[in-house]
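In case you want the letters, here they are:
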Amino acid sequence: MKHFRDEWIQEWCEENGWTDLFRERYNHYWAFPPGAVMPEPIPSEVLRLIKATKGFCAEEKTWLGSAILISITSVVLSYLLQNPMPIIFAFAFAAVTSAKLEVEEI
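Residues numbered from 1 in each chain as written. Predicted model: local features only at pLDDT ≥ 70, side-chain atom pairs only at ≥ 80, totals over all residues. Heavy atoms only, no water.

(A) Highlighting helix α4 (residues 85–101). In a regular helix each residue adds 1.5 Å, so 17 residues correspond to 24 Å; α4 covers 24 Å between its end C-alpha atoms and thus fits that length. Of the residues making up α4, those classed as buried are Pro-86, Ala-90, Phe-93, Thr-97 and Leu-101. When α4 is viewed along its axis, its buried side chains cluster within an angular range of 75° and face the same direction. Exposed and facing more than 90 degrees away from the buried side of α4 are Phe-91 and Ala-99. Taken together, the buried residues of α4 touch α3 (58–81). (Helix = DSSP H or I, 4+ residues; strand = E, 2+ residues; numbered from the N terminus. Expected span 1.5 Å × (residues − 1). Buried < 20%, exposed > 50% of the residue type's maximum accessible area, 1.4 Å probe, protein only. Arc of directions from axis to C-beta. Contact = heavy atoms within 4.5 Å.)

Next up, the structure:
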């Protein structure tokens with residue numbers, strides 16, 4: 001899952017003099033530091049600070065909204081059907097969503 005918007009990282013790079021930003025893969029950004037001839041990864045401390053400041057990106061908000069909607073729907077269905085299976089499905093979906101929201105390797 002993409003945890004950062006490219007605009008957030010680009011904004012930080014412009015403020016700190018880093019140039020030619022590119023994304024190697026999800027959540028791995030590289031750029032040229034001021035005065036450098038080789039690109040370096042954006043420091044993980046900076047990525048954590050950006051995440052703490054900016055919050056959730058659009059993809060994360062979509063997953064959270066889906067999890068909430070499925071949970072509410074499954075509670076109503078479980079009550080109406082008098083069956084626990086919708087709640088079990090909602091629990092499984094929430095577990096997957098929680099795992100996907102975890103920011104790893106930064």
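Still to come is the rest of the account.
(B) Spotlight on the packing of α3 against α4. Viewed as axis vectors pointing N to C, α3 and α4 meet at an angle of 165°, and their least axial separation amounts to 8 Å. Comparing the axis directions of α3 and α4 gives the class roughly antiparallel. As for how α3 packs across α4, the hand of that crossing is left-handed. Every residue of α4 that contacts α3 at Glu-60, Trp-63, Leu-64, Ser-66, Ala-67, Ile-70, Ser-71, Ser-74, Val-75, Leu-77 and Ser-78 is listed here: Pro-86, Ile-87, Phe-89, Ala-90, Phe-93, Thr-97, Lys-100 and Leu-101. Split into classes, the residues belonging to the contact of α3 with α4 amount to 12 nonpolar, 5 polar and 2 charged. (Axes fitted to C-alpha atoms, helices over the stretch in contact; angles between N-to-C directions. Parallel < 35°, antiparallel > 145°, perpendicular 65-115°, else oblique. Left-handed = near helix turned anticlockwise from the far one by under 90°. Nonpolar A, V, L, I, M, F, W, Y, C, P; charged D, E, K, R; others polar.)

(C) Broad picture of the pattern of salt bridges. Summed over the entire model, instances satisfying the criterion amount to 4 salt bridges. Between Glu-11 and Lys-54 there is a salt bridge whose closest N-O contact spans 3.4 Å. Of the two residues, Glu-11 sits in helix α1 (residues 6–16) while Lys-54 sits in helix α2 (residues 44–54), which places them 43 residues apart along the sequence. A relative accessible area of 35% places Lys-54 in the partly exposed class. Put simply, Lys-51 and Glu-60 hold a salt bridge, and the shortest N to O gap is 2.5 Å. No difference in accessibility class separates Lys-51 from Glu-60, as the two residues are buried. (Salt bridge = Lys/Arg side-chain N within 4 Å of Asp/Glu carboxyl O.)

(D) Representation of the sheet that holds strand β2 (residues 28–32). Strand order in the open sheet formed by 3 strands is β1-β2-β3, with antiparallel pairing between adjacent strands. Sheet topology places β1 (19–25) and β3 (40–41) at the edges, where each strand pairs with a single neighbour. Summarising the sheet, β2 and β3 pair through 2 bridges and their orientation is antiparallel. Residue pairing across strands places Ala-31 opposite Glu-40, the latter belonging to β3. (Pairing = 2+ DSSP bridges.)

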